[in-house]
Amino acid sequence: MRRMMTRIVITLPYFFDGESAAIECMLNSGADRVHLRKPGCTEAQLRTLIEGIGCEYRYRLSLHDHLTLACEYGLGGVHLNKRNDKVPEGFTGLVSKSCHTIAELNDSACYNYVFLSPIFDSISKEGYKAAFNNAELVEAKERGLINSRVYALGGVYPGNFAETQRLGFGGYALLGSAWAPMKKGNFRLHYIAGPVEGSDAVESTCTGAVKALEGGCRWIQIRMKDADDDEMLRVAQYLAPICHEYGATLLLDDRVNLVPASGAHGVHLGKNDMPPAEARRILGPGYIIGSTANTFSDIEAANSQGADYIGLGPLRFTTTKKNLSPVLGYEGYRRICGDCRRHNISLPIVAIGGITPDDIAPLLVAGVAGVAVSGAIVNADDATAATAEFISHLS
């Protein structure tokens, strides 16, 4: 059985609108803890962020700055660093710190857990390369220095989760890869990558995805309904490092069983696929789970089962998908998005089904967060330019 690893998310160094809600979302969707790291922030700024987070989540927060606030707000952890190297008087929660050499692990027994970094090339810091080779890490594991209290940091993303486990780490800390997959810039345009009729399935799927990435798309969903698992895995393992380089999100359609080995960030489930709750049970924390909907009732069900976003459609008739649900039109999106607001369902919604650039403005007004396309890009004379046109309408 696969050992469950602790998942830590570290905040971006700057504040942004809706951050408190985003942190709650992280904790709801699989993160064990969130580290509030805001170097240079004022105490007032940090108070505002903390006060926006529900009291029930605060024991799962760790502070990097203004550590006395951990006692005041009942936060569960403090992280020591050069700026703040002492535990606040009276604090009884978790204490962590960062290590940047193997030798530092010798003195880490007094901490509840430590980060060792950078293990892989960083996602969030350009030019910040891995500091250790495989032999050094294996030796540290054999000596017991890398153990259940040591968490990998630096360049960790779904494609190397298994590697961190093999090396003996008890968990991992995410920064760039945690925020990139669901951030607005990634989510606004989903490209559904699939085979082109009359062409090699693997080659045409990969080619279309790369052209979409070149045009500015940062969310790729691989949808190959008629492919076997080997073909699907070949495509995913080819695209995963490319998406990683672009800072893009990669999802598989339906194939939950392939996600861990593929390097994908998660899975998108159709209405007749596995329920989101079952997918979460199989995948564990750290993966995005999307769910298809055609009605508000579908969204309610997906929300109750822990889906991270909704693919709502179709807008109109499309030949891309078999067994098409009833078309919604603009009015359908307005009605369903309105129902979500009235019932306090805040899942981001992506519209799908025969969408063109001209549809984007009315769909955004209706309340969607993004759009998903396939044929409009893959069938264009210049797929990269067609992608860029969609991006320009979404900016």
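Residues numbered from 1 in each chain as written. Predicted model: local features only at pLDDT ≥ 70, side-chain atom pairs only at ≥ 80, totals over all residues. Heavy atoms only, no water.

## Observations regarding the overall build of the protein chain
Turning to step 1, where the next piece is worked out: The secondary structure content of the protein chain amounts to 16 helices and 16 strands.
Turning to step 2, where the next piece is worked out: Taking the principal axes of its C-alpha atoms as reference, the protein chain extends roughly 65 × 50 × 35 Å.
Turning to step 3, where the next piece is worked out: Residue burial in the protein chain is summarised as follows: out of 395 residues, 54% are buried.
Turning to step 4, where the next piece is worked out: Per element, the accessible surface of the protein chain, about 17700 Å² overall, is 50% carbon and sulfur. (Helix = DSSP H or I, 4+ residues; strand = E, 2+ residues; numbered from the N terminus. Buried < 20%, exposed > 50% of the residue type's maximum accessible area, 1.4 Å probe, protein only. Areas by Shrake-Rupley, 256 points an atom, 1.4 Å probe, with all protein chains shown as cover.)

## Description of the pattern of salt bridges
When charged atoms on two side chains of opposite charge get close, those side chains can pair.
Turning to step 1, where the next piece is worked out: Throughout the structure, instances matching the rule amount to 16 salt bridges.
Turning to step 2, where the next piece is worked out: D253 serves as the salt-bridge partner of K225, at 2.8 Å between the closest nitrogen and oxygen. Here D253 lies in strand β11 (residues 249–253) and K225 lies in the loop between β10 (219–222) and α9 (229–246), a separation of 28 residues in the sequence.
Turning to step 3, where the next piece is worked out: For K225, a relative accessible area of 40% gives the class partly exposed.
Turning to step 4, where the next piece is worked out: D253 sits in the buried class, given a relative accessible area of 5%.
Turning to step 5, where the next piece is worked out: A salt bridge links R334 to E331; its shortest N-O distance comes to 3.0 Å. Remark: E331 and R334 occur in helix α13 (residues 329–342); sequence separation between them is three residues, near one turn of the helix.
Turning to step 6, where the next piece is worked out: One connected set of salt bridges, linked through shared partners, spans E43, R47 and E72. (Salt bridge = Lys/Arg side-chain N within 4 Å of Asp/Glu carboxyl O.)

## Some words on the sheet that holds strand β5 (residues 94–99)
Turning to step 1, where the next piece is worked out: Pairing within the closed barrel is parallel, and its eight strands lie in the order β1-β2-β3-β4-β5-β6-β7-β8. Between one strand axis and the next, the sheet turns by 25 degrees as a mean value, whatever way the strands run.
Turning to step 2, where the next piece is worked out: By the bridge criterion, two bridges tie strand β3 (residues 61–63) to strand β4 (residues 77–80) in an arrangement that is parallel. When the bridges of β4 are listed, S62 appears paired with G77.
Turning to step 3, where the next piece is worked out: Together, β1 (6–10), β2 (33–36) and β3 form the strand contacts of helix α1 (residues 19–28), whose direction differs from that of β2 by roughly 150 degrees. (Pairing = 2+ DSSP bridges. Axes fitted to C-alpha atoms, helices over the stretch in contact; angles between N-to-C directions. Contact = heavy atoms within 4.5 Å.)

## Some words on the sheet that holds strand β15 (residues 349–352)
Turning to step 1, where the next piece is worked out: Around the barrel, eight strands lie side by side as β9-β10-β11-β12-β13-β14-β15-β16; this closed barrel has parallel pairing. The average angle at which neighbouring strand axes cross in this sheet is 25 degrees, direction not considered.
Turning to step 2, where the next piece is worked out: Seen against the sheet, helix α8 (residues 201–214) touches β9 (189–193) and β10 and runs at an angle of roughly 165 degrees to β9.

## Describing the side chain of S20
Turning to step 1, where the next piece is worked out: Mapping S20 onto the fold places it in helix α1.
Turning to step 2, where the next piece is worked out: S20 has contacts with T48, L49, G52 and I53, leaving out every residue within four places of it along the chain.

## Section: the side chain of R33
Turning to step 1, where the next piece is worked out: Mapped onto the fold, R33 is located in strand β2.
Turning to step 2, where the next piece is worked out: For the buried R33, no salt bridge is present, and the opposite-charge side chain at shortest range is D32, 8.7 Å distant.
Turning to step 3, where the next piece is worked out: At 2.8 Å, the side chain of R33 and the backbone oxygen of L61 are in polar contact.
Turning to step 4, where the next piece is worked out: There is a polar contact of 3.1 Å between the side chain of R33 and the side chain of S62. (Lys, Arg positive; Asp, Glu negative; His and termini not counted. Polar contact = N/O pair within 3.5 Å; in protein donor to acceptor, adjacent residues only side chain to side chain.)

## Here we look at the packing of α8 against helix α16 (residues 383–394)
How two helices pack is summed up by the angle between their axes together with the distance between the axes.
Turning to step 1, where the next piece is worked out: At a minimum axis separation of 7 Å, α8 and α16 run at an interaxial angle of 50 degrees. Considering the angle they form, α8 stands oblique to α16. Relative to α16, α8 is oriented so that their crossing is right-handed. In this structure, α8 contributes K211, A212 and E214 to the contact, and α16 contributes A383, T384 and T387.
Turning to step 2, where the next piece is worked out: Looking at the contact of α8 with α16 residue by residue, the classes come out as two nonpolar, two polar and two charged. (Parallel < 35°, antiparallel > 145°, perpendicular 65-115°, else oblique. Left-handed = near helix turned anticlockwise from the far one by under 90°. Nonpolar A, V, L, I, M, F, W, Y, C, P; charged D, E, K, R; others polar.)

## Side note on helix α2 (residues 43–51)
Turning to step 1, where the next piece is worked out: Taken residue by residue, α2 has L46, L49 and I50 as its buried positions. Projected down its long axis, α2 shows its buried positions confined to an angular sector of 95 degrees, all on one face.
Turning to step 2, where the next piece is worked out: On its buried face, α2 sits against α1, β2, β3 and α3 (68–73). (Arc of directions from axis to C-beta.)

## Topic: the nonpolar core
Turning to step 1, where the next piece is worked out: Within the largest apolar cluster, 121 residues are counted, with the highest numbers of intra-cluster contacts made by L116, F169 and I220.
Turning to step 2, where the next piece is worked out: Among the elements that make up this core, the one with the highest residue count is α9 (eight residues).
Turning to step 3, where the next piece is worked out: Residues within four places of I220 in sequence aside, it is in contact with Y191, A193, A209, A212, L213, C243, T249, L250 and L251.
Turning to step 4, where the next piece is worked out: Counting residues in hydrophobic clusters, the runner-up holds eight residues, among them F187, I192, Y309 and A372. (Core = buried A, V, L, I, M, F, W, Y, C linked by side-chain atoms within 4.5 Å.)

## What about the pairing of β2?
Turning to step 1, where the next piece is worked out: Neither face of β2 is exposed, since R33 and H35 on one face and V34 and L36 on the opposite face are all buried.
Turning to step 2, where the next piece is worked out: Taken together, the three bridges between β1 and β2 define a ladder with parallel strand orientation. Each bridged residue has a counterpart across the sheet, and for I8 the counterpart in β2 is R33.
Turning to step 3, where the next piece is worked out: Strand direction decides the pairing type here: β2 and β3, joined by three bridges, are parallel. Opposite V34, over in β3, you have L61 as the bridge partner.
Turning to step 4, where the next piece is worked out: The β-α-β motif built from β2, the intervening α2 and the parallel element β3 has right-handed crossover chirality. (Right-handed = clockwise from strand over helix to strand, strands pointing away.)

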